[in-house]
Amino acid sequence: MKSRELSIKPIGLKNIRTETLRANPHNPRGLFDREDMRVLRESIDRVGILVPLTVYQDSKTGHFTILDGQRRWMCAKELKLKTVPVNQVAEPTLVQNIVTMFQIHKLRKDWELMPTALKLELLMKQLKEKRDRVLGELTGLDEAVVTRCKKLLSYSRKYQDMMLDPEPDNRMKADFFIELYAVRNDRAVRSFAWFKPDRFTDAMLRKFKVGGLKAVTDFRIVKQHVNNAIKAHKTGVISKRLQEFAADPELTPDHLSIESAMAASQARKLAKTVDKLYVQVKDIDLDEFYGQEDLWEKLQALADLIRKRLRQLGRRVEE
Amino acid sequence: MDKKRLREWLDQFQSYRHGVGETAVRSWLDQFDTGDRDLAARVLDAVEFYGNDRITAAFRDMLNAIPGWSAKPAQRKGKWRFVPYSRSSGTSAGSMIYNFRLANNLDARKWDELFIHPSEIAIQALGPDDTIVFVDDLVATGNQVCDAWTETFAELVGNAGRVYLMVVAAVRKARAKIKGETEILIVSQDNLGPRDDLFSADCGSFSSAEKATLLRYGEKADPERPRGYGGCGLVVVFQHRCPNNSVPILHARNGRWDGLFQRHG
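Quantities reported herein were computed from a predicted structural model and do not represent experimental measurements. (Residues numbered from 1 in each chain as written. Chains lettered and ligands numbered in written order. Predicted model: local features only at pLDDT ≥ 70, side-chain atom pairs only at ≥ 80, totals over all residues. Heavy atoms only, no water.)

Engineer: Sorry, what's going on with helix α2 (residues 70-78) of chain A here?
Structural biologist: In an α-helix, one turn spans 3.6 residues, which is why side chains three or four residues apart end up on the same side. All names here are of chain A. When α2 is considered as a whole, its buried residues turn out to be Gln-70, Arg-72, Trp-73, Cys-75 and Ala-76. Among the structural elements, β2 (21-22), α1 (34-47), β3 (53-57), β4 (64-68) and β5 (83-89) are those in contact with the buried residues of α2. Positioned one or two residues after α2, Lys-80 has a phi angle of 55°, which is positive. (Buried < 20%, exposed > 50% of the residue type's maximum accessible area, 1.4 Å probe, protein only. Helix = DSSP H or I, 4+ residues; strand = E, 2+ residues; numbered from the N terminus. Contact = heavy atoms within 4.5 Å.)

This is how it looks when you write it as structure tokens:
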């Protein structure tokens, strides 16, 4: 669907009674900054509402519903203004209404990402649109936020409910599931015979509760260990370690550290550094660098160290 | 200890999820000084225990009292969706929904479409003729209900015509708060008032001196919340859990105190 098809059609300006208005049911947040509200209230008290509210009349209930201007309306109620200026528009479709609310409230806090994700899910269903870029353009959400929302939507309802729990102490943060996503969806991990995504998620939740995971960013360390092991062809070992890690809530990500895998990873990094240095040393213009004593001394020390380490390794070294 | 009284407690509390036996009751009473044990026993007498039968009856009565509901789809106005409100302690909302379905003969699979997860509310795209019924056991302070409404549920519910929160018991003050701050309609079987707050001046079951003594034990059981969460001072216990709004001498479990109605584990 094109953006212009989602735009709201104007009907006209008028004044209507403040009490006949109602908040938009798709408005994502009823919480507003108190200081901002105080400033707005004082302004309206002095000069009135200069920018009309955007409203539509609900065809089923007959209520005038606010599309834009909820804060102005709340201030008008507090100031007991009998009427407010409104710009009435045609009743939006469900999709138009949700898109408008997204556009108005695009600066949503991350800790409340799950409700945003669920609204996005509804929009995706209604529009049959899944592309991050298009959804980002329609909603005004950053494409990265759309991606994060879609990660949350990949979890089963049981886990989504955990992010909606009314009791803050029981509510899981969206970040937990977003960080876990990289491990849970790792191609190698998903190929392990024992791996079941929801069981693994339950295990990680238990681990997070008892302290086997100190922070949600620990999942990055878990992923790194898995990556290193796979690159070092230690798939069997890391599969077993990860299974143990999941089974015992108190085991920390250190359990996944496979020494040889770590060494292999470090060796690859060092080899790249050596390659660079090799090229740089080979390309040195001897005449130009003739007097750079410090450099030659350091290269001499490095050459001596390399010979020594190669000998320690049992390699034949020519003098 | 009066054996008849002990038998009455055991008959009443034995169905609690973690089981309450004679040894547990005696151990609990032993935590009080000898001179305070009769007072402690009177707290047990005052406990408002909701067994499954009582909860089931409450859910049956409450659903039948909601206008527009009928088990027959043709006589039902709009779409109806029933949602567990919270996953809190001991999966109480899950237990509640299970009880609710049994109570109203809605436990067969053919009724499954009426029961959804909180995370499925938005995708239902409900309209003005439709009804959402959240199900839980207790509303005590109303703070969490109001906060969760503003931060989450108002948006998810969208254009649904009516939103109910059906609970077995609700504190009147909490009802008023929810009514004033949200669009949720509270339906409760029992309404709890100041007399149900053990420490309130309106509670005539204990003298001022006795209340002070119980508060001292409350401070031992939970120094941060000696009157229970939200300062509610309730003595309510559900079969599936003891709410944290009840006095901590009933449920706190730590190195200092061993409550009779364990909340976790």
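Engineer: How do you make sense of a nonpolar patch on the surface when you look at a structure like this?
Structural biologist: Residues and elements named next belong to chain A. On the surface, Leu-277, Val-281, Leu-302, Leu-305, Ile-306, Leu-310 and Leu-313 cluster together into a nonpolar patch covering about 550 Å² of accessible area. Listing elements by their share of the nonpolar patch, those giving two or more residues are α13 (259-282) and α14 (293-312). Mapped onto the elements, Ile-306 comes out in helix α14. (Patch = residues over 30% accessible without salt bridge, like charges linked within 9 Å, V, L, I, M, F, W, Y side chains within 5 Å. Areas by Shrake-Rupley, 256 points an atom, 1.4 Å probe, with all protein chains shown as cover. Salt bridge = Lys/Arg side-chain N within 4 Å of Asp/Glu carboxyl O.)

Engineer: Mind showing me how you'd approach the interface of chain B and chain A here?
Structural biologist: Accessible area lost upon the coming together of the parts serves often as the stated size of an interface. Contacts between the two partners involve 27 residues from chain B and, on the opposite side, 34 residues from chain A. For the pair chain B and chain A, the summed buried surface comes to about 2700 Å²; carbon and sulfur atoms form 55% of the total. At the surface where chain B touches chain A, the tally comes to two salt bridges. Put simply, chain B and chain A have four residue pairs in polar contact (both at pLDDT 80 or more) between them. Those elements giving two or more residues to the side of chain B that touches chain A turn out to be α5 (88-103) and α6 (143-157) of chain B. Looking at the side of chain B that touches chain A element by element, the count peaks at nine residues for α6 of chain B. (Buried area = accessible area lost by both parts, 1.4 Å probe. Polar contact = N/O pair within 3.5 Å; in protein donor to acceptor, adjacent residues only side chain to side chain.)

Engineer: Sorry, what's going on with the pairing of β3 of chain A here?
Structural biologist: Along any regular strand the residues' side chains alternate between the sheet's two faces. Residues and elements named next belong to chain A. When β3 meets β5, the two strands line up parallel, connected through four bridges. The partner of Leu-53 across the bridge, within β5, is Val-86. Across four bridges, β3 lies against β4 in antiparallel orientation. Bridge assignment links Val-55 to a residue of β4, and that residue is Ile-66. Counting the residues in the hairpin turn of β3 and β4 gives six residues, including Gly-62, whose phi is positive at 80°. (Pairing = 2+ DSSP bridges.)

Engineer: Looking at this model, I keep getting lost on the domain arrangement of chain A. Mind explaining?
Structural biologist: All names here are of chain A. Domain boundaries in chain A define domain 1 (3-153), domain 2 (187-283) and domain 3 (284-319). Here the C-alpha centroids of domain 2 and domain 3 sit 36 Å apart. The junction of domain 2 with domain 3 conceals about 290 Å² of combined surface from both sides, 63% of it contributed by carbon and sulfur atoms. By the criterion of area lost to domain 3, the three top residues of domain 2 are Leu-277, Val-281 and Asp-283, representing 89% of everything that side buries. Where domain 2 meets domain 3, there are zero salt bridges. Inspection of the domain 2/domain 3 interface yields four residue pairs in polar contact (both at pLDDT 80 or more). Of the residues that constitute the side of domain 2 that touches domain 3, the class distribution is two nonpolar, one polar and two charged. (Domains from an automatic or database assignment. Nonpolar A, V, L, I, M, F, W, Y, C, P; charged D, E, K, R; others polar.)

Engineer: What am I meant to see in helix α5 (residues 132-139) of chain A here?
Structural biologist: Residue and element names in this part refer to chain A. For α5, a buried count of six out of eight residues is recorded, marking the element as mostly surrounded by other parts of the structure. Burial in α5 covers these residues: Asp-132, Val-134, Leu-135, Gly-136, Leu-138 and Thr-139. In this structure, the buried side of α5 is in contact with α3 (94-104), α4 (113-127) and α6 (143-153). At the exit of α5 stands Gly-140, carrying a positive phi of roughly 80°.

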